[in-house]
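Here is how the chains run, residue by residue.
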Amino acid sequence: MGQRHHRGRRAYNGFAEWLHFGQRRVIADNDPIEREKAMKFNSLLTNCVIFHNTLDLADVVRQLQAEGWKIDPEDLAEVSPYLTEHIMRFGGYSTHELAITPEAYEPRLDIDFARLRDAA
């Protein structure tokens with residue numbers, strides 16, 4: 001595995017640790033099934049927040065492009081989805097929005113990433 005992969009894994013693990021709720025990452029239950037569930041729930045939460053951050057970043061990129069900014073793929077390669085500043089881990093949460101159907105997800109950005117693939 002390359003150095004980039006190891007850095008990415010460390011960043012993911014640090015982000016997952018930051019998101020973990022309670023007990024300083026200690027799983028108090030000694031039941032292996034409960035421990036596995038806690039780890040899987042944390043992984044699910046981590047991936048959901050990364051996906052949400054990525055959607056937000058893509059929206060910002062599209063907005064900047066609409067305003068006439070030229071977005072360089074090398075700059076985007078340096079942007080991390082492991083953002084925490086906007087997350088209120090222990091804040092109040094509303095669930096009334098759970099029934100609202102979100103807009104369709106647009107996976108493409110109008111950016112040519114071929115240079116980054118060729119350099120890898």
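Within each chain, residue numbers correspond to sequence positions counted from 1 in written order. Totals for whole chains, interfaces and linings use every residue, but because this is a predicted model, local features are given only for residues with pLDDT of at least 70 and side-chain atom pairs only at 80 or more, for both listing and counting. The side-chain numbers reported here are obtained from all heavy atoms of the structure, hydrogens and water having been left aside.

1. Some details on the overall build of the protein
Item 1. Numbering of helices and strands runs from the N terminus, with a helix taken as a DSSP run of H or I at least four residues long and a strand as a DSSP run of E at least two residues long. Tallying secondary structure elements over the protein gives 4 helices and 0 strands in all.
Item 2. Exposed residues in this analysis have more than 50% of their type's maximum accessible area, buried residues have under 20%, and partly exposed residues fall in between, with area computed by a 1.4 Å probe over protein chains only. Residue burial in the protein is summarised as follows: out of 120 residues, 13% are buried.
Item 3. Contacts were defined at the residue level, with two residues in contact if any of their heavy atoms lie within 4.5 Å. Long-range pairs, those at least 24 residues apart, make up 83% of the contacts in the protein between residues at least 6 apart in sequence.
Item 4. Per-residue and other accessible areas follow the Shrake-Rupley method at a 1.4 Å probe size, with only the shown protein chains counted as cover for residues. Summed over all atoms, the accessible surface of the protein reaches about 10000 Å², with 56% contributed by carbon and sulfur.

2. A few points about the layout of surface pockets
Item 1. Estimated volume of the largest pocket: approximately 1000 Å³.
Item 2. Only protein atoms enter the 1 Å grid used here, on which a cavity is any set of points holding a 1.4 Å probe that cannot leave and a pocket is any open set flanked by protein within 12 Å on both sides along at least five of seven lines; residues with an atom within 4 Å of a point are listed as lining. Lining the largest pocket are 26 residues, with H52, N53, L55, D56 and E97 positioned closest to its centre.
Item 3. Per-element accounting of the lining of the largest pocket gives the leading share, 9 residues, to helix α2 (residues 32–66).
Item 4. In this count, Pro and Cys sit with the nonpolar residues alongside Ala, Val, Leu, Ile, Met, Phe, Trp and Tyr, while Asp, Glu, Lys and Arg are called charged and the others, Gly among them, polar. Split by residue class, the lining of the largest pocket holds 14 nonpolar, 5 polar and 7 charged.
Item 5. Roughly 710 Å³ of internal volume is contained in the second largest pocket.
Item 6. Every element with two or more residues in the lining of the second largest pocket is listed here: α1 (3–19), α2 and α3 (73–77).
Item 7. Per element, the largest residue contribution to the lining of the second largest pocket is 6 residues, and it comes from α2.
Item 8. When its residues are assigned to classes, the lining of the second largest pocket shows 14 nonpolar, 3 polar and 5 charged. Grid points are joined across faces, edges and corners, and a volume is the space filled by probe spheres set on the points.

3. Observations regarding the pattern of salt bridges
Item 1. Only one rule defines a salt bridge in this text: a Lys or Arg side-chain nitrogen within 4 Å of an Asp or Glu carboxyl oxygen. Evaluation of the coordinates by the stated rule reveals 3 salt bridges.
Item 2. Close ionic contact of K37 with E34 constitutes a salt bridge, the shortest N to O distance being 3.0 Å. With K37 and E34 both in helix α2 and 3 residues apart, this pair spans about one turn of that helix.
Item 3. Exposure remark for K37: the relative accessible area of 37% places this residue in the partly exposed category.
Item 4. Across the pair K40 and E36 runs a salt bridge, and its minimum N-O distance is 2.9 Å. Of this pair, K40 and E36 both sit in helix α2, 4 residues apart, which is roughly one turn of that helix.
Item 5. Judged by its relative accessible area of 53%, K40 falls in the exposed class.

4. Considerations on the nonpolar core
Item 1. Judged by nonpolar contacts, Y12, F15, A16, L19, V49 and I50 together constitute the single largest core of 6 residues.
Item 2. Secondary-structure elements contributing two or more residues to this core are α1 and α2.
Item 3. With 4 residues, α1 is the largest single contributor of residues to this core. As used here, the term nonpolar core means buried Ala, Val, Leu, Ile, Met, Phe, Trp, Tyr and Cys residues forming a set that is joined through side-chain atoms within 4.5 Å.

5. A few points about the packing of aromatic side chains
Item 1. Centres within 6.5 Å make a pair out of two Phe, Tyr or Trp rings, where for Trp the six-membered ring is used; the pair is then stacked when the planes are under 30 degrees apart, edge-to-face when over 60, and tilted otherwise. Counted under the stated rule, the structure contains 2 aromatic pairs.
Item 2. With a centroid separation of 5.4 Å and 45 degrees between ring planes, the pair formed by F15 and Y82 is classed as tilted. You can see F15 sitting in helix α1 and its partner Y82 sitting in the loop between α3 and α4 (114–119), a full 67 residues away along the chain.

Read these as spatial facts, not as claims about activity.
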